[in-house]
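Chain residues, written in single-letter form:
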Amino acid sequence: GAVVSQHPSWVICKSGTSVKIECRSLDFQATTMFWYRQFPKQSLMLMATSNEGSKATYEQGVEKDKFLINHASLTLSTLTVTSAHPEDSSFYICSARDRLGLGETQYFGPGTRLLVL
Amino acid sequence: DAKTTQPPSMDCAEGRAANLPCNHSTISGNEYVYWYRQIHSQGPQYIIHGLKNNETNEMASLIITEDRKSSTLILPHATLRDTAVYYCIDVDIYQKVTFGTGTKLQVIP
């Protein structure tokens, strides 16, 4: 149980295009999902917290107009990187918290590797 | 900034117990301690969590000091597949997780 998937697993795009990444909780409902970014040899950095049916909460320094987050259902959140540039190339990871679970355990997706040329 | 501190790296012989320490001296009374690990190029994997009592599951054991200022993750019989970066995390009341740099565990044949 507690499986989180991401799609796509990797994507290469041209500078200036937009890229959408999906995060799904496969066997549980997630009121809250989180989006992280990880650069090579660095730790995960929280970008935003996504709550079902409401606007996402972004961390300081993360541009909300560039990283659009939609959490339309209890099992799906999407991150759209708009007008991507090479510096947006990174490993994007989502996590989801089980709505009915005890404690605050977050389950992570396998990540999406983005390369912007 | 991360609220936990861990040694940057550790080695462990295959088959031996790996003991990974973590300091979380600012943890509050109702915050759990969580451990995750990240194998290269994958998403973090949940290992175990605890509040006050020691915990054990099929993957590991978690020993939390009485004052809750530190904990130790124990992998009883490390295998090569346990080579990963291990993160000790406390989750605040807003469910926010702040990852530190973790401990890079290298299991040696």
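To keep things clear, this report deals only with the structure shown in the data block. Quick caveat: nothing in here was measured; it's all calculated off a predicted structure.

Rules and cut-offs
Residues numbered from 1 in each chain as written. Chains lettered and ligands numbered in written order. Predicted model: local features only at pLDDT ≥ 70, side-chain atom pairs only at ≥ 80, totals over all residues. Heavy atoms only, no water. Helix = DSSP H or I, 4+ residues; strand = E, 2+ residues; numbered from the N terminus. Rg over C-alpha atoms; globule rule 2.2 N^0.38 Å. Buried < 20%, exposed > 50% of the residue type's maximum accessible area, 1.4 Å probe, protein only. Contact = heavy atoms within 4.5 Å. Areas by Shrake-Rupley, 256 points an atom, 1.4 Å probe, with all protein chains shown as cover. Salt bridge = Lys/Arg side-chain N within 4 Å of Asp/Glu carboxyl O. 1 Å grid on protein atoms, 1.4 Å probe; cavity = no way out; pocket = protein on both sides within 12 Å on 5 of 7 lines; lining within 4 Å. Points joined across faces, edges and corners; volume = space filled by probe spheres on them. Nonpolar A, V, L, I, M, F, W, Y, C, P; charged D, E, K, R; others polar. Core = buried A, V, L, I, M, F, W, Y, C linked by side-chain atoms within 4.5 Å. Pairing = 2+ DSSP bridges. Axes fitted to C-alpha atoms, helices over the stretch in contact; angles between N-to-C directions. Buried area = accessible area lost by both parts, 1.4 Å probe. Polar contact = N/O pair within 3.5 Å; in protein donor to acceptor, adjacent residues only side chain to side chain.

### A closer look at the overall build of chain A
Then step 1. In terms of helices and strands, chain A carries 0 helices and 11 strands.
Then step 2. The C-alpha radius of gyration computed for chain A amounts to 13 Å, which stays within 12% of the reference 13 Å derived for 117 residues, consistent with globular compactness.
Then step 3. Taken along its principal axes, the extent of the C-alpha atoms in chain A is 40 × 25 × 20 Å.
Then step 4. Taken across its 117 residues, chain A has 50% of its residues classed as buried.
Then step 5. Considering only residue pairs separated by 6 or more positions, chain A has 55% of its internal contacts joining residues 24 or more positions apart.
Then step 6. Per element, the accessible surface of chain A, about 5,800 Å² overall, is 54% carbon and sulfur.

### Remarks on the pattern of salt bridges
Then step 1. All chains considered together, the criterion is met by 4 salt bridges over all chains.
Then step 2. Among the ionic pairs, K66(A) bridges to D88(A), the shortest N-O distance being 2.9 Å. Taken as a pair, K66(A) in the loop between β6 (57-58) and β7 (67-73) and D88(A) in the loop between β8 (76-81) and β9 (90-98) lie far apart in primary sequence, 22 residues in all. When sorted by exposure, K66(A) lands in the same class as D88(A), which is buried.
Then step 3. For E31(B), the salt bridge identified is with K3(B), shortest N-O distance 4.0 Å.

### Some remarks on the layout of surface pockets
Then step 1. When its volume is computed, the largest pocket comes out at roughly 650 Å³.
Then step 2. Only β9 of chain A together with β8 (84-90) and β9 (103-108) of chain B provide two or more residues apiece to the lining of the largest pocket.
Then step 3. Approximately 210 Å³ is the volume attributed to the second largest pocket.
Then step 4. Together, 11 residues line the second largest pocket, and M45(A), L46(A), E59(A), V97(B) and T98(B) are the ones closest to its centre.
Then step 5. Of the residues in the lining of the second largest pocket, the class split is 6 nonpolar, 2 polar and 3 charged.

### Describing the nonpolar core
The nonpolar side chains of a soluble globular protein tend to be buried, and buried together.
Then step 1. Counting residues in hydrophobic clusters, the biggest one holds 24 residues, and the most contacted among them are W35(A), F67(A), L79(A), Y92(A) and L114(A).
Then step 2. Look past the residues within four positions of L114(A) in its chain and what remains in contact with it is V11(A), C13(A), V19(A), V81(A), D88(A), S89(A), S90(A) and Y92(A).

### Observations regarding the environment of Y107(A)
Then step 1. Position of Y107(A) among the secondary structure elements: in strand β10 (residues 106-108).
Then step 2. Contact partners of Y107(A), with chain neighbours within four places excluded, come to A2(A), V4(A), F28(A), C94(A), S95(A), A96(A) and Y46(B).

### Structural notes on unusual backbone geometry
Then step 1. The linkage connecting H7(A) with the following residue, P8(A), adopts the cis geometry, with an omega of 0 degrees.
Then step 2. Residue placement: P8(A) occurs in the loop between β1 (4-7) and β2 (10-13).
Then step 3. Unlike most non-glycine residues, S41(B) shows phi in positive territory, near 65 degrees.
Then step 4. Tracing the chain through its elements places S41(B) in the loop between β3 (33-38) and β4 (45-50).

### Some points on the sheet that holds β8(A)
Residue and element names in this part refer to chain A.
Then step 1. The sheet built from 4 strands is open, its strands ordered β1-β3-β8-β7 with antiparallel pairing. The sheet is open, and its two borders are formed by β1 and β7, each paired with just one other strand. Each adjacent strand pair in this sheet contributes to an overall mean axis angle of 15 degrees, direction not counted.

### Focus on the interface of chain B and chain A
The extent of an interface is frequently quoted as the accessible surface area lost upon association of the parts.
Then step 1. Each partner contributes to the interface: chain B provides 18 residues, whereas chain A provides 20 residues.
Then step 2. With both sides pooled, the region where chain B packs onto chain A buries about 1,500 Å², and carbon together with sulfur makes up 53% of that total.
Then step 3. Counting the contacts that link chain B with chain A gives 0 salt bridges.
Then step 4. Where chain B touches chain A, the interface holds 5 residue pairs in polar contact (both at pLDDT 80 or more).
Then step 5. Contributions of two or more residues to the side of chain B that touches chain A are made by β3 and β4 of chain B.
Then step 6. Among the elements that make up the side of chain B that touches chain A, the one with the highest residue count is β3(B) (3 residues).

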